[in-house]
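What follows is each chain in one-letter form.
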Amino acid sequence: MKEIIILVLSYFLVFTVILLDRRFGIGLWKDVFTASILSLLQLAGIGFVLIFLLKLNSHFINLSIIFVMLFNASLISLRRFKFRAYSKLKIFFLISFVLLTTASVLLSGYFLTGVIDLSPTKLIPMSGLVIASGMRALSFSISSFRTKLRDMEDIITGIVALGASDVQAFSFIFKELISDVTVPMRDMLRSSGIVHIPGIMVGLLMAGALPLKAAIVQFLILVSMLFEFTFAPSMFLFLMIK
């Protein structure tokens, strides 16, 4: 019964957002509603999957789940890419390569330092967190890059007309772009522990971990997300321009 009340409250919030969208004609209500349904189904599904994987304990299946996450994250980021001059297939592989590379760097570091092991309850949630951070960073940077190109079209055209290369023209807006993309993570670093208490830290404390250990692990997660928000868009945009 309590779960039904929570679900009703959750969709009350969703429908409130939809009503605001409809009132002002923002045009995102269908995407919001669809995303809310998918999110609920996916969260419920992954709960059953994690329980099944814990009993099965197959490294091959665990890695397969991670690659499915990577594939879906690449598709979601690709939806934000609206440049017609580029092949969608090539951009999809480029996004996948960037997400795989940055996630591999972070997960390898976690594994070598003993933060995670190959058990599904540790590997899959951490992989999802890292891949999702990269996906959000790419989606945000792609949308922001398109907007800045439109706003600075005359300036960029002038720079190219004077003989600047594509990379030189791109570097003109790169600094400002990365500054904008990393705003959420920089704000989160400043507010952690003061404005909000991150969920992973709370979970570790409830599991009996020492406060210092919980804080260090949570700090690692936060700076890992900052890493993704910095290097994923940087690598993608540079490779796209090249």
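Up top is the structure.
Since the model is a prediction, treat every value here as computed from it, not as a measurement.

Trainee: Can you help me understand the nonpolar core in this one?
Mentor: Soluble globular proteins tend to bury their nonpolar side chains together. If you look at the biggest cluster of nonpolar residues, it comprises 42 residues, and the most contacted ones within it are Phe81, Ile91, Ile95, Tyr110, Phe145, Phe236 and Met240. Elements represented by at least two residues in this core include exactly α3 (59-78), α4 (88-112), α5 (120-151), α7 (166-181) and α10 (211-241). With ten residues, α4 is the single largest residue contributor to this core. Apart from the residues lying within four places of it in its own chain, the contact partners of Phe236 are Phe81, Ile91, Leu94, Ile95, Val98, Leu138 and Ile142.

Trainee: Please explain the packing of aromatic side chains as it appears in this structure.
Mentor: What characterises a pair of aromatic rings is the spacing of the ring centres plus the angle enclosed by the ring planes. Throughout the structure, instances matching the rule amount to ten aromatic pairs. Relative to Tyr86, the ring of Phe83 lies with its centre 6.3 Å away and its plane at 75°, an arrangement referred to as edge-to-face. By relative accessible area, which is 19% here, Phe83 ends up buried. Take Tyr86: its relative accessible area is 32%, and that puts it in the partly exposed class. An aromatic cluster is present here, built from Phe81, Phe83, Tyr86, Phe145 and Phe236 joined pairwise through their rings. Of note, Arg23 hangs over the ring of Phe24, and the distance from its end group to the ring centre comes to 5.4 Å.

Trainee: Any chance you could explain the pattern of salt bridges here in plain terms?
Mentor: When their charged atoms lie close together, side chains carrying opposite charge are able to pair. Evaluation of the coordinates by the stated rule reveals three salt bridges. Between Asp31 and Arg79 there is a salt bridge, with its nearest N and O atoms 3.6 Å apart. Here the residue Asp31 occupies a position in helix α2 (residues 29-56), and Arg79 occupies one in the loop between α3 and α4, the gap between them amounting to 48 residues. Judged by its relative accessible area of 55%, Arg79 falls in the exposed class.

Trainee: Hey, could you run me through a nonpolar patch on the surface in this one?
Mentor: A surface patch of nonpolar side chains, about 350 Å² in accessible area, is lined by Phe15, Phe33, Ile37 and Leu41. It is α2 that provides the largest number of residues to the nonpolar patch, a total of three residues. Along the chain, Ile37 turns up in helix α2.

What counts, and where the lines are drawn
- Residues numbered from 1 in each chain as written.
- Predicted model: local features only at pLDDT ≥ 70, side-chain atom pairs only at ≥ 80, totals over all residues.
- Heavy atoms only, no water.
- Core = buried A, V, L, I, M, F, W, Y, C linked by side-chain atoms within 4.5 Å.
- Buried < 20%, exposed > 50% of the residue type's maximum accessible area, 1.4 Å probe, protein only.
- Helix = DSSP H or I, 4+ residues; strand = E, 2+ residues; numbered from the N terminus.
- Contact = heavy atoms within 4.5 Å.
- Phe/Tyr/Trp six-rings, centres within 6.5 Å; stacked < 30°, edge-to-face > 60°.
- Lys NZ or Arg CZ within 6 Å of the ring centre and 35° of its normal.
- Salt bridge = Lys/Arg side-chain N within 4 Å of Asp/Glu carboxyl O.
- Patch = residues over 30% accessible without salt bridge, like charges linked within 9 Å, V, L, I, M, F, W, Y side chains within 5 Å.
- Areas by Shrake-Rupley, 256 points an atom, 1.4 Å probe, with all protein chains shown as cover.

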